[in-house]
Structures are given as C-alpha cells and as structure tokens.
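Residue-level structure breakdown
Residues per chain are reported as follows:
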Amino acid sequence: MKRPVPTFLTVLAITLISFAACGTTPGEPATATLRLAPSSSSFTTATGWDVVLDEAVLVAGSAYFYAPSGDTMASLERSLRESLGVPVAHAHGGHDPFGSRPVRLEWLGPTSLDLLGADTIDIGAMDGSVGASVEVTLAFEPLSGALLEASSPAHGHHAWVAGTATRTVEGSTETIEFAGGFDFASGGTENLVEAIPAPAAVAADGTWTLHVALARWLDQARFERLPEGPNAARTITPSTQVGLAWDLGLRDPTDYELTYEARLAP
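To keep things clear, this report deals only with the structure shown in the data block. A quick note: this is a predicted structure, and the numbers were derived from the prediction, not measured.

Let's talk about the side chain of Ser 62
Relative to the assigned elements, Ser 62 resides in strand E3 (residues 50–66). Residue classification places Ser 62 among the buried residues on the basis of a relative accessible area of 1%. A polar contact of 3.2 Å, which involves the side chain of Ser 62, links it to the side chain of Tyr 64. Within the local environment of Ser 62, its side chain forms a polar contact with the side chain of Glu 141, the two groups lying 3.0 Å apart. Apart from residues no more than four positions distant in its own chain, Ser 62 is found in contact with Trp 107, Leu 108, Gly 109, Thr 137, Leu 138, Ala 139 and Glu 141.

Some details on the packing of aromatic side chains
The relative placement of two aromatic rings is captured by the distance of their centres and the angle of their planes. If you walk through the whole model with that rule in mind, you get 8 aromatic pairs. Taken together, a centroid distance of 5.9 Å and an interplanar angle of 75° make the contact between Trp 49 and Phe 223 edge-to-face. Here Phe 223 lies in the loop between helix H3 (214–217) and strand E11 (234–236) and Trp 49 lies in the loop between strand E2 (42–44) and E3, a separation of 174 residues in the sequence. Both residues of the pair, Trp 49 and Phe 223, belong to the buried class. Through pairs of rings, three or more aromatic residues link up here, namely Phe 140, Phe 182, Phe 184, Trp 217 and Trp 246. Arg 101 extends its terminal NZ or CZ atom over the ring of Tyr 66, reaching a point 3.9 Å from the ring centre.

Side note on unusual backbone geometry
A cis amide bond links Gly 109 with the next residue in sequence, Pro 110, at an omega value of 5°. We note that His 155 has phi near 55°; this positive angle belongs to a residue other than glycine. Checked against the element boundaries, His 155 lands in the loop between strand E6 (131–139) and strand E7 (159–169). Among the residues examined, His 155 registers a relative accessible area of 28% and is labelled partly exposed. Its identity as a non-glycine residue notwithstanding, Ala 195 has a phi of 65°, on the positive side.

Criteria and cut-off values
- Residues numbered from 1 in each chain as written.
- Predicted model: local features only at pLDDT ≥ 70, side-chain atom pairs only at ≥ 80, totals over all residues.
- Heavy atoms only, no water.
- Helix = DSSP H or I, 4+ residues; strand = E, 2+ residues; numbered from the N terminus.
- Buried < 20%, exposed > 50% of the residue type's maximum accessible area, 1.4 Å probe, protein only.
- Polar contact = N/O pair within 3.5 Å; in protein donor to acceptor, adjacent residues only side chain to side chain.
- Contact = heavy atoms within 4.5 Å.
- Phe/Tyr/Trp six-rings, centres within 6.5 Å; stacked < 30°, edge-to-face > 60°.
- Lys NZ or Arg CZ within 6 Å of the ring centre and 35° of its normal.

Here you go:
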C-alpha cells in the first residue's frame with residue numbers, strides 16, 4: 001500500500017518549521033508587548049480654547065499590525081493557524097477587517113485604557129511573525145459586561161472625556177465644564193480606525209508603544225456651542241458640534257503614534 005502524499009498544508013507547515021530553525025527569518029514566530037504612553041492633559045485648540053482634561057479613557061477591542069502587501073510569510077502564518085484549528089478573532093460578527101491582507105502581529109482585548117495615567121503601562125502581549133510592519137488597524141467591538149456599566153472607567157462608552165475649557169475674548173474669560181462619551185457603530189468598517197502608521201522591522205521579541213494625541217482629538221471643538229443642561233458640566237453628544245469634531249479626531253490615524261523597539265536576546 002502506498003503512503004499518502006503529504007498535503008499542501010503539511011508541506012507548508014514543514015517549511016515554516018525549517019525557517020524557524022534557521023534563526024531570525026521572515027515567518028519565524030514573534031512576540032511583542034503592547035504598551036500605552038501617557039498623554040498630555042492640557043492643550044490649546046485651534047478654536048482658541050485652553051483645555052484641561054480630568055478624564056480621558058479609550059476602550060480598545062483589538063489591534064492588527066499589517067505586513068506589507070504581498071508578504072507571503074505573514075499570510076502563510078495566519079492561514080496555517082486558521083487551517084490547523086487555532087482560533088483567530090475578528091473585529092466583530094462575521095466581518096473580516098483584514099481584507100485578505102497579511103497580518104504581522106495582533107493584540108486582542110478589550111481593555112480600558114486610561115490615557116492620562118502617570119506612567120507607561122503594559123496593555124498586553126501580541127503574537128505574530130518576524131518581518132516588516134507598515135500600519136495598524138484598531139478595532140472597537142460592541143461592549144459587554146462590566147464595560148457597559150456607567151461606573152466603568154469609560155462610563156459605558158468606547159471613549160470618554162471630561163474636563164474644562166477656558167478662553168478669553170475681548171477681556172472676558174469664559175470657562176465651560178464638559179463631559180461625554182463616544183460609541184463606535186458595529187456595522188461595516190465603522191468600528192475601525194485604519195491606516196495608523198507603524199513602520200518597523202519586527203524582531204522575534206520587542207515592544208510597541210502607543211501614544212494618543214488628545215489635543216488633536218478635540219482640536220476643532222467649539223465648546224461654546226455645547227448646550228447648557230441641568231448639571232454643571234455640559235454634555236457632549238453625537239449631534240453637538242463638539243461630538244462631531246471628536247468623531248473626526250477619534251478616526252484620524254495621525255492622532256495615534258506607534259513606536260517599536262526590538263529586545264535583543266541576552
């Protein structure tokens with residue numbers, strides 16, 4: 001009886017093992033730590049407001065670091081994990097945020113990120129493969145459990161800010177307290193922040209550090225247009241000018257900065 005010919009996937013798996021045995025080679029497994037750097041709590045907007053934030057929270061669901069288009073090793077590594085039964089999370093439902101693009105590294109949450117923390121903190125670990133990275137997509141899944149509670153750090157939203165805005169016009173000083181949340185929609189690609197620059201040569205082990213530019217989030221906000229309410233703090237809602245400006249800021253990939261540092265083996 002003839003022995004069966006190895007399947008295509010078996011051959012590919014053997015190929016990957018061979019690459020891994022030869023040292024740091026594209027396609028070799030890689031790990032990385034994702035970290036968050038603190039953001040500045042005070043800034044001046046393009047609309048003339050001096051802002052001081054007391055709270056700024058982002059609930060990130062996942063992060064996908066893309067390899068250059070056509071990177072066969074990154075595509076191969078992901079295809080093998082899927083074909084061999086290793087689960088791979090998608091941004092939501094049956095939607096695939098990758099668009100068949102090769103993924104270098106991925107981090108899976110969700111996690112509440114205090115953007116005003118005093119120190120750089122570890123968000124979590126990532127797995128993937130050695131090789132070039134070009135950009136990142138952040139995905140925001142529907143919230144559940146404790147993250148939906150009003151007592152949660154983001155008060156049940158994907159993003160939350162609270163603080164004061166002050167300006168002086170013709171010798172008169174005006175100060176406005178504000179607070180509000182933002183929620184990403186779950187349909188199509190509405191829950192994605194795409195094309196965040198992340199050029200780097202990913203090694204077998206390293207660290208990615210994320211910095212969020214809060215000043216750019218609210219740079220076009222006109223706080224004087226927030227309607228007064230029964231509370232001292234005026235509420236940011238999606239229909240207000242501040243809410244619309246914040247929506248654009250949250251989705252702007254240039255408002256997020258990622259830097260990479262490889263860790264050398266001892």
